[in-house]
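A look at the structure
Letter by letter, the chains look like this.
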Amino acid sequence: MIDLDNDFDEICIALDLEMTGLKPEEDQIIEVGAIKFKGSKVIDTFNQLIDPGKDIPTFISLLTGITNEDVKGKPKFNEVANEFVEFLGEYSIVGQNIGFDMKFLAKVNVYPKSFVYDTRDLSRLLRPQAIDHGLAGLARELQLVNDNPHRALSDAETTMKVFNELYSILTGIGKDTLTILRGLVSKQDPSWALGRLIMAGSENIDEHSFNIINKLDQVIDRIQERNRKNEERQSGRKIESIQAVDLESFFSIGGLADMNTDDYQERISQKSMAVSIKNSFDNGTDLYVEAPPGTGKTMAYVAPSIIHSIRDSSQVTIATSTKYLQEQILETEIPRMFKMLDITPNEYSVMLLKGQANYLCGTKYRMMIEREDLTKDEALFLLRTIVWLQITDSGDGGELYLNNREKYIWSQISANNSDHMDICALQREDKCFVALARIGARSSDLVITNHSLLLTDSIKDMGILTNT
């Protein structure tokens, strides 16, 4: 929970509005909720239902619980505008995706007089690998209770708590990372709200000589250590729990799949496919399978692949046509199979290997960060990547869930050039993320990749997937 010593030292207004719809040009405000606070201390609140002068759509009433009867006889917004503006005063505003609310306030001539802090921006910075940056998702992850969601005052209170939690996370993110964040923000316009939060959250760090080269070296060392451990584990490793597994019983009622899957249904075609793949592995023969939807194909080929690679002490490669299926196998099917087969990640290594354009180019990245003419979009994206470097074990940009603007920026710092291997200084030392990924693939038990890379490796004899 919140470290009270790390509260943001500024009085702010947490703000939320409920409206008749999503279009500022035609929809109206129906409720205002605002909380004046400093850190975890609430100073004052403002809450008012508003007569929008039009019917509230049924879906809005179902979402918020606010009906036409509730707002009947309530003031129009212009009747409470002066009181509301006085409550806002000169304080900074905090909101979730606050730009949306500010458009509705601008429509009624209410404008911020200080900074506007968006908890969504702060979340995207501090949780770079997360998909859900909505208020409900943030509250759930941070273990905060919203007693009355989609009501303005309750959402404003949750926004305040989320802001405090995220700011506390920011201040505790580590001196090395804060140093780089602070250096990057110092090049931007001081009116940038997110930049102001970063400067405030890092103002107590001592003078610290640390830069992006040091950060990249940390990530490279971490990946090299993982690759080294994988290589050591491959020699002489034997997982006893696998030796007795029989695929016929595995996919039968009462078998491992049944015992570890809710509402498991035995499928003869799935069992037949898995056994056929096992026999193909054992006999060294080719196998072509066409199976309709509903067969349970993914488990049917993942299970025998893992079992064979362990029993035969060999590497197996699974190639798919889409990144979505690759990530589904890695994030969903592999953990399920580990549970069923009583395997831990420390015993068995799985690697997702993509084409080189998916990986960060450290050389280009350093050049972009050192630029003095970064746009705000570029700076915001680079801030996210700096935090991401603390946790990535691959340098794979797919972990960042890029929006369209970020995809364009990523293309400028990824290893997407045909001559990348010749121009990348890190590549010559085997410290490029592409090189590290390929080295890691060679020492992994199971490699998940795409058809294109598998065929290219085979045709050009690149030696990336050497033990397939």
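This text goes with the structure placed above it.
Bear in mind that the values here come from a model prediction, so they are computed numbers and not experimental data. (Residues numbered from 1 in each chain as written. Predicted model: local features only at pLDDT ≥ 70, side-chain atom pairs only at ≥ 80, totals over all residues. Heavy atoms only, no water.)

**Topic: unusual backbone geometry**
Although it is not a glycine, Asn 109 sits at a positive phi angle of roughly 65°. If you trace the backbone, Asn 109 turns up in the loop between α4 (98-107) and β5 (116-118). With a phi angle near 60°, Gln 143 is a residue other than glycine that sits in the positive phi range. (Helix = DSSP H or I, 4+ residues; strand = E, 2+ residues; numbered from the N terminus.)

**Regarding the sheet that holds strand β4 (residues 92-95)**
Read across the sheet, five strands follow the order β3-β2-β1-β4-β5 without closing on themselves; strand pairing throughout is mixed. Here the strands that pair on one side only, and so sit at the sheet edges, are β3 (41-49) and β5. Recorded for the sheet is a direction-independent mean angle of 25° between the axes of neighbouring strands. Both strand β1 (residues 12-19) and β4 contribute to a ladder of three bridges, which runs parallel. When the sheet's bridge partners are listed, Ile 13 is paired in β4 with Ile 93. Contacts from helix α3 (residues 77-88) reach β1, β2 (29-38) and β3, with the element oriented near 15° to β2. (Pairing = 2+ DSSP bridges. Axes fitted to C-alpha atoms, helices over the stretch in contact; angles between N-to-C directions. Contact = heavy atoms within 4.5 Å.)

**Focus: the sheet that holds strand β8 (residues 446-450)**
Pairing in this open sheet of three strands is parallel, and the strands run β6-β8-β7 from one edge to the other. The sheet is open, and its two borders are formed by β6 (316-320) and β7 (350-352), each paired with just one other strand. For this sheet the average axis-to-axis angle between neighbouring strands, irrespective of direction, equals 20°. Here β6 runs beside β8; their pairing, made up of five bridges, is parallel. Among the inter-strand pairings, Ile 318 is bridged to a residue of β8, identified as Ile 448.

**Things to note about the pattern of salt bridges**
On inspection of all chains with the given rule, the structure shows 21 salt bridges. Between Lys 76 and Asp 51 there is a salt bridge, with its nearest N and O atoms 3.4 Å apart. In this pair, Lys 76 is assigned in the loop between α2 (68-71) and α3 and Asp 51 in the loop between β3 and α1 (58-64), connecting sequence segments 25 residues apart. Residue Asp 51 is classed as partly exposed on the basis of its relative accessible area, which comes to 22%. A single network of salt bridges, built from pairs that share partners, joins Arg 124, Arg 384 and Glu 406. (Salt bridge = Lys/Arg side-chain N within 4 Å of Asp/Glu carboxyl O. Buried < 20%, exposed > 50% of the residue type's maximum accessible area, 1.4 Å probe, protein only.)

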